[in-house]
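Secondary and tertiary structure notes
Each chain, letter by letter, is given below.
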Amino acid sequence: MLKDLGLFGLFLGCLLSATVIPFSSEALVAGALLLDYSPWTVVLVATLGNTIGGMTCYLLGRLCKWSWIEKWLKVKEETLAKAHEKVEKYGSLAALLAWLPVVGDPIAIALGLMRTRVLPTTVLMFLGKGLRYMVVAGLLKVLV
């Protein structure tokens, strides 16, 4: 499938994996790299898609009530409360951690709930996600 959809498929898959849909974007990045796409292009496309997906979670947090997020998105209250604590402590800097499995989406949602500034949140989220994909690309280069 990735071979057929190319970089658009990578972008779309990474976008969806950064929403509340559980999915491994790292596998897509590895697949794209194994298809001989430029590592910098793969990292950039994956980072853009994943950041837009993360900012979708941010937007949901900004537009929705806490109770709606628990009910409709099935984010557990405890998970959201822990993410809320991180955002309360670190502000927009918490966006650097939005790439983490399990807690990344709640962090992005909490950033929206707490109305952090959009530009710093987006830039920091982009940097955190981009660094993750650079590590994946670097590891793959060493292993293959």
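Here goes a summary of the coordinates provided. (Residues numbered from 1 in each chain as written. Predicted model: local features only at pLDDT ≥ 70, side-chain atom pairs only at ≥ 80, totals over all residues. Heavy atoms only, no water.)

Some remarks on the packing of helix H4 (residues 66-73) against helix H5 (residues 77-90)
Put simply, H4 and H5 touch, their axes get as near as 10 Å, and they point 135 degrees apart. Between H4 and H5, the angle falls in the class oblique. By crossing handedness, the relation of H4 to H5 is classed as right-handed. Within the contact between the two elements, H4 uses Trp 66, Ile 69 and Glu 70 and H5 uses Glu 77, Leu 80, Ala 81 and His 84. When grouped by side-chain class, the residues that make up the contact of H4 with H5 number 4 nonpolar, 1 polar and 2 charged. (Axes fitted to C-alpha atoms, helices over the stretch in contact; angles between N-to-C directions. Helix = DSSP H or I, 4+ residues; strand = E, 2+ residues; numbered from the N terminus. Parallel < 35°, antiparallel > 145°, perpendicular 65-115°, else oblique. Left-handed = near helix turned anticlockwise from the far one by under 90°. Contact = heavy atoms within 4.5 Å. Nonpolar A, V, L, I, M, F, W, Y, C, P; charged D, E, K, R; others polar.)

As for the pattern of salt bridges
All told, the structure shown has 1 salt bridge when counted by the stated rule. Among the ionic pairs, Glu 26 bridges to Arg 132, the shortest N-O distance being 3.2 Å. Placement of the pair is Glu 26 in helix H2 (residues 25-34) and Arg 132 in helix H7 (residues 118-143), with a sequence separation of 106 residues. The class for Glu 26 is partly exposed, based on a relative accessible area of 28%. The exposure class assigned to Arg 132 is buried, which follows from its relative accessible area of 11%. (Salt bridge = Lys/Arg side-chain N within 4 Å of Asp/Glu carboxyl O. Buried < 20%, exposed > 50% of the residue type's maximum accessible area, 1.4 Å probe, protein only.)

Details of H2
Among the residues of H2, those classed as buried are Ser 25, Leu 28, Val 29, Ala 30, Ala 32 and Leu 33. Backbone geometry just after H2 places Asp 36 at a positive phi near 70 degrees.

A word on a nonpolar patch on the surface
A contiguous nonpolar surface patch, about 710 Å² in accessible area, is contributed by Tyr 90, Leu 93, Leu 96, Leu 97, Trp 99, Leu 119, Val 123 and Leu 127. Its location among the elements puts Leu 119 in helix H7. A relative accessible area of 63% places Leu 119 in the exposed class. (Patch = residues over 30% accessible without salt bridge, like charges linked within 9 Å, V, L, I, M, F, W, Y side chains within 5 Å. Areas by Shrake-Rupley, 256 points an atom, 1.4 Å probe, with all protein chains shown as cover.)

Some remarks on the packing of aromatic side chains
Inspection of the entire model under this criterion finds 0 aromatic pairs. Directly above the aromatic system of Tyr 133 lies the positively charged group of Arg 132, at a separation of 4.2 Å from the ring centroid. (Phe/Tyr/Trp six-rings, centres within 6.5 Å; stacked < 30°, edge-to-face > 60°. Lys NZ or Arg CZ within 6 Å of the ring centre and 35° of its normal.)

Some thoughts on unusual backbone geometry
For residues other than glycine, phi is negative in most cases, and the peptide bonds are mostly trans. Positive phi outside glycine occurs at Asp 36, with the angle close to 70 degrees. Relative to the helices and strands, Asp 36 resides in the loop between H2 and helix H3 (39-63). Phi angles above zero are rare outside glycine, and Arg 115 is one such case at about 60 degrees. Within the fold, Arg 115 resides in the loop between helix H6 (104-113) and H7.

By themselves these figures say nothing about function.
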